[in-house]
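This is what each chain is made of:
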Amino acid sequence: MPVASFLGGGSDVKSISLSCAWAVVRAVPLKLVSGAGGLDRLDSPRIGDLLTRNGRLSRAELEKALEAQADTGQPLGRILVARELVDQEDVSEALAAQWGLGTADLDALAPDPALAKAEDLETYLHYGLLPYQQIGTLTSYVIGDPELAQPALASLRESPPIALVLLAPRPAIDAAVRRAFAPALARRAATMSPPSTSVRTLDRARMAMGAVLAAIVFTLLFGGTFPVVLGLITLFCITSATTLLRLCALFASHRAPVEQLLPEGAIALSGKRRPPVVSLMIPLYREANMIPRLIKALEALDYPRELLDVMLLVEADDKATLNALAITEMPPWLRAITVPPGAPRTKPKAMNHALDYVRGEVVGILDAEDVPDPQQIAEVVGILRDAPPEVACVQCQLGYYNVEENWMSRCFTLEYAIWFDVLLRGFQWLHLPIPLGGTSVYFRRSALKAIGGWDAHNVTEDADLGMRLARAGKRCAVSRSLTREEANCRAWPWIRQRSRWLKGYILTWLCHMRDPVALWRDLGTFGFFGFNVLFLGAAVAYLTAPLFWITMLNWVLGGETILTTSIPGWAIWPVLGMLALGQGVMLSAAILAVERRQLTGLLIYVPTLLAYWTLGAVAAWKAVYELIVAPYFWDKTNHGVSRIKPPA
């Protein structure tokens, strides 16, 4: 077929810029990759020389880029684009000239969807390959890296005897794959985690078991003497275990080392091993207003741009955010990934989808409102480089930049300080499985892939992932690097956010406890105990807060309740005493956290945490209700509402 006919006439269509000679490769079996028929470079200048000859690049710029290539091992074209010395089109043209290939403009002429085959989806995703157009009996393929053409074609289910190869930017190919296989990719992201450890395989009857938590407290208030006594004994055991574990963590935190910050300017790139590419996933949903400040925060990161791969994950129906990205001038190391529609619509499903497109061997998660420490990625790289292989992730600390917004933001700051500066350090020293945070956490990509990514149906996918890593024999390091984000400073949004967290905790507990013997075998006795206390104990602590305060208030005022009239004192007072001791342990942890974070101005707010935690009871009961009627509903937290803006 003549080229003009193939282009649809050639007059009004942007040309596919074919070189004079079509580059033809034979798709031989994989074992014969090194044989005849492979794709070879022409006897032509290198890319850098081509770009300097045509005036797109100066010799001085090329020399600096070559030095960076020697240090990082990255392709020269990627370095030049990331440092904004040339654009992607310049590199594609030079690469095509070097290999004697044509280039394809996927915007002008989209790939023929009829040529793409579902059974080859893995090959398309792995190699960045896609069938393009049919030219008579010959099929053309687009690929981003010509060196991968031979193994990519050989990996197809029906490898063509002869194929025409064209070059196109990898992001454009990936976007075309997403359009061609949107439903399949949505299902893939939703079901990536193993069924045995996913909440999606919990039927409604199992999820209704969560109502048992509510029934315990309901029985305490309205049941007869025997069930109330039995419930109190159960509650005493749970609260005692929770208080004991927190007390142990409080003391252990004094002995737990936290990974030290690197010296100023020591960017963890020295040594014989080349630094890794780090991919950052940043899920966005209805957060168009956050894009400008997000880009500013990312541009402040002190890590070589050619080693930085930032992906903004946007839902396909989030038109406002997509439109905002379309009119925003973004740096070349940042790209938008459109998440195909499909249930459930959750943050972990979006990240599972993006996992197929990451370039880095380290994968980090940030939220739209985050302001990470500029040295954070460099420090994480250094920690993972020196850590043994079983250290699968690094959790950085979180704080808030709008501490002074109001009482709620101050209490939220205290709560995060308790978690990261006291409890988390103690749990790490005690070798307990750690519930991870949803942001500023970095993984080895190999570990993520090995356990099947995130559970797309779990609304606290971060905490669940920490347990699944622990069950796989992995552990987490804790970094002192701080990320500042926006504290939820309004009552109802706070309740909604906390309700989602608690619902996820209950779901995670139900999911992993469906086979307690297997969980015990995976985590060991102490880990099994810690898991139950961390997840079940946290939910029970919030659910029983009203019981504690109502009983104590009645006792102080001299009133009577069923608990004080018909239940023997030996059954109720130990429970109330243990609840009071638990509150005391947490207040002590708050005082220690204030000292460690040097938040002395918040010391006077420590006693008010008692009221703050009681507010969480509303969220806990909302979580129990949603557990039955909407277990996978993701109650999105809106950001960018604080009057205090992030630091420059």
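Residues numbered from 1 in each chain as written. Predicted model: local features only at pLDDT ≥ 70, side-chain atom pairs only at ≥ 80, totals over all residues. Heavy atoms only, no water.

A few words now on the overall build of the chain. When helices and strands are counted, the chain shows 25 helices and 13 strands. Here the chain, with 648 residues, has 57% of them falling under the buried criterion. The long-range fraction of contacts in the chain, counting pairs at least 24 apart against all pairs at least 6 apart in sequence, stands at 80%. (Helix = DSSP H or I, 4+ residues; strand = E, 2+ residues; numbered from the N terminus. Buried < 20%, exposed > 50% of the residue type's maximum accessible area, 1.4 Å probe, protein only. Contact = heavy atoms within 4.5 Å.)

Our next topic: the sheet that holds strand E8 (residues 334–339). With mixed pairing, eight strands are arranged side by side in an open sheet as E8-E7-E6-E9-E12-E11-E13-E10. In this open sheet, the two strands that pair with only one neighbour each are E8 and strand E10 (371–372). (Pairing = 2+ DSSP bridges.)

One pass over the structure, following the stated rule, counts 23 salt bridges. The residue Glu405 makes a salt bridge to Arg643 at a minimum N-O spacing of 3.8 Å. Of this pair, Glu405 sits in the loop between strand E11 (391–400) and helix H17 (407–429) while Arg643 sits in the segment after helix H25 (609–629); the two residues are 238 residues apart in sequence, bridging distant segments of the chain. Since its relative accessible area comes to 15%, Glu405 is described here as buried. Bridged by salt links that share partners, the residues Arg496, Lys503, Lys622, Glu626 and Asp635 form one connected network. (Salt bridge = Lys/Arg side-chain N within 4 Å of Asp/Glu carboxyl O.)

This next bit is on helix H5 (residues 88–99). Look at H5: 16 Å from first C-alpha to last across twelve residues, which is about the 16 Å you get at 1.5 Å a residue. Within the sequence span of H5, burial applies to Asp90, Val91, Ser92, Ala94, Leu95, Ala96, Gln98 and Trp99. Where H5 is buried, its residues meet helix H2 (47–53), helix H4 (76–82), strand E2 (102–103) and strand E5 (163–167). Just beyond H5, the residue with positive phi is Gly100, at close to 70°. (Expected span 1.5 Å × (residues − 1).)

Core analysis: the biggest nonpolar cluster contains 74 residues, and Ile418, Phe535, Leu609, Tyr612 and Trp613 have the highest contact counts within it. Among the elements of the structure, helix H12 (225–252), E11, H17, helix H19 (461–471), helix H20 (491–512), helix H21 (516–543), helix H24 (569–596) and H25 are those that each provide at least two residues to this core. Top contributing element to this core by residue count: H21, with 13 residues. Dropping the residues within four chain positions of it, Leu609 is found in contact with Cys411, Leu414, Ile418, Leu587 and Ala590. Counting residues in each nonpolar core, the second largest holds 70 residues, with Leu62, Ile79, Leu121 and Leu167 among its members. (Core = buried A, V, L, I, M, F, W, Y, C linked by side-chain atoms within 4.5 Å.)

For the rest of this paragraph, the subject is the confidence of the model for the chain. Atom-level detail of predicted coordinates should not be read off regions where pLDDT is low. Per-residue confidence for the chain averages 83 on the pLDDT scale, and 82% of its residues sit at or above 70. In the model, residues 1–37 has pLDDT below 50 throughout and makes 68 contacts with residues more than four positions away in sequence or in other chains. Throughout residues 259–271 the model reports pLDDT below 50, and contacts reaching past four residues in sequence, or to other chains, amount to 30 contacts. (pLDDT = per-residue confidence, 0-100.)

Turning to the pairing of strand E4 (residues 138–143), a few remarks are in order. Counting buried positions over the six residues of E4 gives five, a clear majority of the element. Sheet topology note: the strand E3 (residues 129–135)/E4 ladder contains five bridges and is antiparallel. The residue of E4 that forms the bridge with Ile135 is Leu138. From the end of E3 to the start of E4, which pair antiparallel, there are two residues, and Gly136 there has a positive phi angle of about 65°. Of the strand pairs in this sheet, E4 and E5 are connected by four bridges, and their pairing is parallel. Looking across to E5, one finds that Ser140 is bridged to Leu164. In this view, the connection linking E4 to its parallel neighbour E5 by way of helix H7 (residues 149–154) has right-handed handedness. (Right-handed = clockwise from strand over helix to strand, strands pointing away.)

A contiguous nonpolar surface patch, about 300 Å² in accessible area, is contributed by Tyr625, Ile628 and Val629. Along the chain, the position of Ile628 falls in helix H25. (Patch = residues over 30% accessible without salt bridge, like charges linked within 9 Å, V, L, I, M, F, W, Y side chains within 5 Å. Areas by Shrake-Rupley, 256 points an atom, 1.4 Å probe, with all protein chains shown as cover.)

Further remarks concern the packing of aromatic side chains. In this description, an aromatic ring pair is defined by two values, namely the gap between the centres and the angle between the planes. Across all of its chains, the model carries 14 aromatic pairs by this definition. Ring geometry for Trp407 against Tyr612: centres 6.1 Å apart, planes inclined by 80°, an arrangement best described as edge-to-face. In this pair, Trp407 sits in helix H17 while Tyr612 sits in helix H25, placing the two residues 205 residues apart along the sequence. Here Phe526 and Phe529 contribute two aromatic rings whose centre-to-centre distance is 6.3 Å and whose plane-to-plane angle is 20°, an arrangement assigned as stacked. With a gap of three residues between them, Phe526 and Phe529 both fall in helix H21, about one helical turn apart. Relative accessible area serves as the criterion here: at 40%, Phe526 is assigned to the partly exposed category. Given a relative accessible area of 30%, Phe529 falls into the partly exposed group. Put simply, the rings of Tyr400, Phe412, Tyr416, Phe420 and Trp501 touch in pairs and so form one group of aromatic residues. Here the guanidinium or amino end of Arg305 rests over the ring plane of Trp333, the centre of that ring lying 4.9 Å away. (Phe/Tyr/Trp six-rings, centres within 6.5 Å; stacked < 30°, edge-to-face > 60°. Lys NZ or Arg CZ within 6 Å of the ring centre and 35° of its normal.)

This part takes up the pairing of E8. The pairing of strand E7 (residues 308–315) with E8 spans six bridges and is parallel. Bridged to Val310 within E8 is Leu334. In this fold, E7 hands off to helix H14 (residues 319–326), which returns the chain to E8; that crossover is right-handed.

Take H17 next. Over its 23 residues, H17 extends 32 Å from the first C-alpha to the last, a length consistent with the 33 Å expected when each residue adds 1.5 Å. At Leu423, H17 is bent by approximately 35°, the largest bend along its length. Of all 23 residues that make up H17, 20 are buried, and the element is covered over most of its length. Positive phi appears at His431, one or two residues downstream of H17, with a value of about 60°. (Bend = angle between axes of the 7 residues up to and from the residue.)

Its location among the elements puts His639 in the segment after H25. Along the backbone, His639 and Glu486 are 153 residues apart, and their C-alpha atoms lie at a distance of 7.1 Å. For His639, the residues in contact, after removing those within four places along its chain, are Glu287, Asn289, Met290, Glu369 and Glu486.

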